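Commentary on secondary and tertiary structure
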Amino acid sequence: MNCVILGSGKGSNAEAILKAWNQQFLGNTKIKAILSDKPDAQILKVADSFGIPARHINMDQDSAYISSEESKTLFEIINEYSPNLIVLAGFMKILPVNFIYKFKGQIINIHPSLLPSFKGLNAIKRAFDHGVKITGCTVHMVTEKIDDGKIIAQAPVRVMETDSLESVTQKIQAAEHVLLPTVIAKISQEYSHHTE
Ligand code: GRF
């Protein structure tokens, strides 16, 4: 199963995926490339350190959206890797609808809340400020609506009286680093089953 990871940030989820992959936890998954819209994103260095092709895709840094020209380039680059699974791991751009349709049912995202609560940006802070006692993270299918596709898996995180925004963030990220590789392993198992 060919997998491409897209991200814009520090790449801790990508690192967790690559560690799991190194330890042969991801079945027949092949991590083909890591792509980022940010030229200096740490996630590209993570890819380098694991010997995975790391590519920056030039995109307007001032917009959350991807233009049709950028989308065409993104599609062409991704297609080079014939992906069966595209993992959004902290990718901060909104994918265009036609891109999502081209890879229908093959794109997953990790979000730092228990969806459908706290969709969108700054989810951890908004949940914490709201006083939630249980939060967590969700892996879901990507559809044209943001953070709205079918939920694949979730991990809960308790918020204790003694917790701060920082400690809750750490707990959620630790949960993400287990959840996302676990989901990829499961998808790869299903994929092998279908292609046998
Ligand atoms: C994660 O918290 C993820 O839930 C959100 O963006 C963050 C990415 O972190 N979508 P990292 O780049 O994987 O460290």
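The present account deals with the structure reproduced in this document.

Definitions and cut-offs
- Residues numbered from 1 in each chain as written.
- Predicted model: local features only at pLDDT ≥ 70, side-chain atom pairs only at ≥ 80, totals over all residues.
- Heavy atoms only, no water.
- Helix = DSSP H or I, 4+ residues; strand = E, 2+ residues; numbered from the N terminus.
- Rg over C-alpha atoms; globule rule 2.2 N^0.38 Å.
- Buried < 20%, exposed > 50% of the residue type's maximum accessible area, 1.4 Å probe, protein only.
- Contact = heavy atoms within 4.5 Å.
- Lys, Arg positive; Asp, Glu negative; His and termini not counted.
- Charge placed at Lys NZ, Arg CZ, Asp CG, Glu CD.
- 1 Å grid on protein atoms, 1.4 Å probe; cavity = no way out; pocket = protein on both sides within 12 Å on 5 of 7 lines; lining within 4 Å.
- Points joined across faces, edges and corners; volume = space filled by probe spheres on them.
- Axes fitted to C-alpha atoms, helices over the stretch in contact; angles between N-to-C directions.
- Parallel < 35°, antiparallel > 145°, perpendicular 65-115°, else oblique.
- Left-handed = near helix turned anticlockwise from the far one by under 90°.
- Nonpolar A, V, L, I, M, F, W, Y, C, P; charged D, E, K, R; others polar.
- Near = heavy atom within 4 Å.
- Polar contact = N/O pair within 3.5 Å; in protein donor to acceptor, adjacent residues only side chain to side chain.
- Areas by Shrake-Rupley, 256 points an atom, 1.4 Å probe, with all protein chains shown as cover.
- Sits in = over half its atoms within 2 Å of the grid points.

1. Remarks on the overall build of the protein
Scanning the protein for helices and strands turns up 6 helices and 7 strands. Along the chain direction, N to C, the helices and strands of the protein fall in the order β-α-β-α-β-α-β-α-β-α-β-β-α. Computed over its C-alpha atoms, the radius of gyration of the protein comes to 16 Å, within 12% of the 16 Å expected for a compact globule of 196 residues. Taken along its principal axes, the extent of the C-alpha atoms in the protein is 50 × 40 × 30 Å. Every one of the 196 residues in the protein was classed for burial, and the buried ones make up 46%. For the protein, long-range pairs separated by at least 24 residues make up 63% of all intrachain contacts whose partners lie at least 6 apart in sequence. Taking the average location of the 20 positive side-chain charges in the protein and that of its 20 negative ones, the two points are 4 Å from each other.

2. Points about the environment of Ile17
As for its position among the elements, Ile17 is in helix α1 (residues 12-22). Judged by relative accessible area, which is 0%, Ile17 ranks as buried. The spacing of Ile17 and Val178 is 161 residues in sequence and 8.7 Å in space, taken between C-alpha atoms. Leaving out residues up to four positions away in the same chain, Ile17 has contacts with Ile5, Leu26, Ile31, Val87, Leu180, Pro181 and Ile184.

3. Re the layout of surface pockets
Roughly 890 Å³ of volume is contained in the largest pocket. Gly90, Phe91, Met92, Asn109 and Ile110 are the residues nearest the centre of the largest pocket, which is lined by 33 residues in total. Secondary-structure elements contributing two or more residues to the lining of the largest pocket are α1, β5 (107-111), α5 (123-130) and α6 (165-195). No other element matches β5, which puts 3 residues into the lining of the largest pocket.

4. With respect to the packing of α1 against helix α2 (residues 42-49)
Each pair of packed helices can be described by the angle between their axes along with the distance between the axes. Closest axis-to-axis distance for the α1/α2 pair is 9 Å, and the angle between their directions is 15°. The pairing of α1 with α2 is recorded here as roughly parallel in orientation. Like other packed secondary-structure pairs, α1 and α2 cross with a definite hand, here right-handed. The segment α1 lies against α2, with Ala14, Glu15 and Leu18 engaging Ile43, Val46 and Ala47. For the contact of α1 with α2, a count of residues per class yields 5 nonpolar, no polar and 1 charged.

5. Quick word on the site of the ligand
The environment of the ligand is formed by Gly9, Lys10, Gly11, Ser12, Asn13, Gly90, Ile110, His111, Pro112, Gln173 and Glu176. Within the contact set of the ligand, an oxygen atom lies 2.9 Å away from a backbone nitrogen or oxygen of Asn13. For the ligand, an oxygen atom lies 2.4 Å from a polar atom in the side chain of Glu176. The fraction of the free accessible surface of the ligand (370 Å²) that becomes covered by protein chains is 86%. Here the ligand is seated within the largest pocket. Elements with a minimum of two residues in the shell around the ligand: α1, β5 and α6. Classifying every residue of the shell around the ligand by side-chain character gives 2 nonpolar, 7 polar and 2 charged.

By themselves, these are just geometric observations and shouldn't be taken as functional.
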